[in-house]
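Single-letter residue listing:
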Amino acid sequence: TGPAQAVAFLARALNGKGGSSAAFTDVPADSYYADAVAWAVANRVTNGVSSDRFAPDNSCTRAQITAFLIAHTLSKYRKIPGRALELPLKLDNILK
């Protein structure tokens with residue numbers, strides 16, 4: 001599984017809709033994952049491997065996929081006024 005597949009799965013699972021396209025030279029606008037990458041960047045799930053590269057075909061470790069999930073969770077908690085994120089992360093807190 002690569003980063004492209006991981007963010008595409010995450011975006012689909014969470015009904016994530018892409019915003020403006022991400023400015024990565026290696027993400028073709030007509031690729032199946034372009035909207036998912038744009039959504040992931042807009043929601044602070046990922047910022048790629050550099051300012052202009054996402055590396056969609058690289059291998060993606062379980063740790064990287066976990067980082068995507070945690071980043072998504074943190075981005076949601078940042079948008080809720082008065083909501084503090086408890087650490088360590090507990091699944092029941094994430095799903096509320």
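Quick summary incoming for the structure in this document. Nothing here was measured: the structure is a model prediction, and the numbers come from that model.

**Overview of the overall build of the protein**
Right, on to step 1. In terms of regular secondary structure, the protein is built from 4 helices and 0 strands.
Right, on to step 2. Counting helices and strands in the order they occur from the N terminus, the protein gives α-α-α-α.
Right, on to step 3. Per-residue burial for the protein yields a buried fraction of 35% across its 96 residues.
Right, on to step 4. A total of about 6300 Å² of accessible surface is found on the protein, and carbon and sulfur atoms cover 55% of it.

**Points about the packing of aromatic side chains**
What describes a pair of aromatic rings is the distance from one ring centre to the other and the angle between the planes of the rings.
Right, on to step 1. Within the structure shown, the criterion is met by 2 aromatic pairs.
Right, on to step 2. Each ring, one from F24 and one from F54, has its centre 5.7 Å from the other, and the planes form 35°; the classification is tilted. Here F24 is found in the loop between helix 1 (3–13) and helix 2 (34–42), whereas its partner F54 is found in the loop between helix 2 and helix 3 (62–78), with 30 residues between them in sequence.
Right, on to step 3. With a relative accessible area of 9%, F24 lands in the buried category.

What counts and how
Residues numbered from 1 in each chain as written. Predicted model: local features only at pLDDT ≥ 70, side-chain atom pairs only at ≥ 80, totals over all residues. Heavy atoms only, no water. Helix = DSSP H or I, 4+ residues; strand = E, 2+ residues; numbered from the N terminus. Buried < 20%, exposed > 50% of the residue type's maximum accessible area, 1.4 Å probe, protein only. Areas by Shrake-Rupley, 256 points an atom, 1.4 Å probe, with all protein chains shown as cover. Phe/Tyr/Trp six-rings, centres within 6.5 Å; stacked < 30°, edge-to-face > 60°.

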